[in-house]
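Analysis of the macromolecular model
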Amino acid sequence: MTITTTPKDRLIIALDVENDRKALELVDELRGAVGMFKVGHQLFTAYGPDIVRRIIEKGSRVFLDLKYHDIPNTVASASVEAVKLGVSIFNVHALGGMDMMKAAAEATHETADKQGLKRPLVLAVTILTSMDSVALRRDLKINRSLRREVSHLAKLAQRAGMNGVVASPQEIRLLRKAIRGSFLILTPGVRPAWAGKDDQKRVMTPGEATSCGADYIVVGRPVLKATDKRAAVEKIVMEIGHPSC
């Protein structure tokens, strides 16, 4: 799968805010300047599917970032609801295994085709960008190197029928070499050169990430904290358009 987009279409803004008013204000302010908005655990837990519907009703696209990780039947059922909700992208945890990812992909395709809806992209999360090699060994007891674990999970996701993965920018080139065929990479942990790293440990600038092969990048705090959010977005879009891997 390949995507042909303008630089702004590749930018996803994370709506990691405390209430629906702020989220919808951001959508109104940035609509047309970005490709999509991410709804994660904070906003979804507070306002449920309704906040997703309200964003879509405004003519914007949604990446539902809930990282489903449960038994295959439960994740398949959640995938069905994500399709009905009209999201453009949603994700699952690759660590949920082959059967879980296959169930998600199959339920997504069957529901969309049966109801005449557009198929959302289903992506698998490899290793969270807040983790590094030390945390992988210490907390998860995974002795394989972080790079090898990311590569393994991405290959597993492709065999399971995922459209792509969510991965750190520092693994983009690794994945482009390891994965054959059409496979999307959505990259969080992206920080413009003028922004701080916050709690992300494996980061890259927008220009570097897209040049190295990311199809979509997610940016949150550098925009959310900006005094002029639209100007911040425009600077990021310019970086995407002038890659520097």
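In this text, all values refer to a predicted model and were calculated from it rather than measured experimentally.

Our next topic: helix 7 (residues 146–160). For helix 7, which comprises 15 residues, the first-to-last C-alpha distance of 21 Å matches the rise-based estimate of 21 Å (1.5 Å per residue) to within 8%. Residues L146, E149, V150, S151, L153, A154, L156, A157 and A160 constitute the buried set of helix 7. Residues of helix 7 that are buried in the fold lie against helix 5 (98–115), strand 5 (121–125), helix 6 (133–140), strand 6 (164–166) and helix 8 (172–178). G161 sits one or two positions beyond helix 7 and adopts a positive phi of about 100°.

Another aspect to go through is the nonpolar core. Judged by nonpolar contacts, the single largest core of 69 residues is most densely connected at L11, V92 and M101. By residue number, the principal contributor to this core is helix 7, which donates seven residues. Once residues lying within four places of it in the same chain are set aside, the contact partners of V92 are K67, Y68, V75, M100, M101, A104, L123, A124, V125 and M162. Ranked by size, the runner-up nonpolar core spans 13 residues in total, among them A14, I89, V125 and L186.

The next subject is the layout of surface pockets. Volume-wise, the second largest pocket comes out at about 330 Å³. Around the second largest pocket, the lining comprises 15 residues; the ones closest to its centre are S88, K118, R119, P120 and L121. Partitioned by chemical class, the residues of the lining of the second largest pocket number seven nonpolar, five polar and three charged.

For the rest of this paragraph, the subject is the pairing of strand 2 (residues 36–39). Side chains M36 and K38 of strand 2 all project onto a buried face; the interleaved residues F37 and V39 project onto the opposite face, where all are buried too. As paired elements, strand 1 (residues 11–14) and strand 2 share three bridges and run parallel to each other. Bridge pairing links I13 to F37 in strand 2. Chirality of the crossover, the property in question, places the unit of strand 1, helix 1 (residues 20–30) and strand 2 among those that are right-handed.

Here we come to the environment of G59. Structurally, G59 can be placed in the loop between helix 3 (49–57) and strand 3 (62–68). Measuring from C-alpha to C-alpha, the distance between G59 and G32 comes to 9.2 Å, with 27 residues separating the pair along the chain.

Structurally, N163 is set in the loop between helix 7 and strand 6. Assessed through its relative accessible area of 14%, N163 is described here as buried. Reaching out from N163, the side chain makes a polar contact with the backbone nitrogen of V122 at a distance of 2.8 Å.

This part is about the packing of helix 4 (residues 72–85) against helix 5. Axis separation between helix 4 and helix 5 bottoms out at 8 Å; the angle between their running directions is 35°. As helix 4 runs across helix 5, the sense of the crossing is right-handed. Within the contact between the two elements, helix 4 uses P72, V75, A76, S79, V80, V83 and K84 and helix 5 uses D99, M100, A103, A104, A107, T108, T111, A112 and Q115. Here the residues of the contact of helix 4 with helix 5 are counted per class, giving 10 nonpolar, four polar and two charged.

Inspection of every chain in the model, using the stated rule, returns 15 salt bridges. A salt bridge links E18 to K22; the nearest nitrogen and oxygen atoms lie 2.5 Å apart. Relative accessible area serves as the criterion here: at 48%, E18 is assigned to the partly exposed category. Under the relative-accessibility criterion, K22 is labelled partly exposed at 32%. A salt bridge links R138 to D139; the shortest N-O distance between them is 2.8 Å.

How two helices pack is summed up by the angle between their axes together with the distance between the axes. Direction vectors running N to C along helix 1 and helix 3 enclose 20°, while the axes themselves pass 10 Å from each other. The orientation of helix 1 relative to helix 3 falls into the category roughly parallel. Handedness of the helix 1/helix 3 crossing: right-handed. Along the contact surface, helix 1 presents D20, L24 and V27, while helix 3 presents I51, R54 and I55.

This part takes up the sheet that holds strand 5. Strand order in this closed barrel of eight strands is 1-2-3-4-5-6-7-8, and the pairing throughout is parallel. Geometrically, the sheet is characterised by an average inter-axis angle of 25° between neighbouring strands, direction not taken into account. Judged from the three bridges that link them, strand 5 and strand 6 form a sheet pairing that is parallel. Paired with A124 across the bridge in strand 6 is V165. Set on the sheet, helix 4 makes contact with strand 3 and strand 4 (89–93); between it and strand 3 the angle comes to about 170°.

Each value, and the rule that gives it
- Residues numbered from 1 in each chain as written.
- Predicted model: local features only at pLDDT ≥ 70, side-chain atom pairs only at ≥ 80, totals over all residues.
- Heavy atoms only, no water.
- Helix = DSSP H or I, 4+ residues; strand = E, 2+ residues; numbered from the N terminus.
- Expected span 1.5 Å × (residues − 1).
- Buried < 20%, exposed > 50% of the residue type's maximum accessible area, 1.4 Å probe, protein only.
- Contact = heavy atoms within 4.5 Å.
- Core = buried A, V, L, I, M, F, W, Y, C linked by side-chain atoms within 4.5 Å.
- 1 Å grid on protein atoms, 1.4 Å probe; cavity = no way out; pocket = protein on both sides within 12 Å on 5 of 7 lines; lining within 4 Å.
- Points joined across faces, edges and corners; volume = space filled by probe spheres on them.
- Nonpolar A, V, L, I, M, F, W, Y, C, P; charged D, E, K, R; others polar.
- Pairing = 2+ DSSP bridges.
- Right-handed = clockwise from strand over helix to strand, strands pointing away.
- Polar contact = N/O pair within 3.5 Å; in protein donor to acceptor, adjacent residues only side chain to side chain.
- Axes fitted to C-alpha atoms, helices over the stretch in contact; angles between N-to-C directions.
- Left-handed = near helix turned anticlockwise from the far one by under 90°.
- Salt bridge = Lys/Arg side-chain N within 4 Å of Asp/Glu carboxyl O.
- Parallel < 35°, antiparallel > 145°, perpendicular 65-115°, else oblique.

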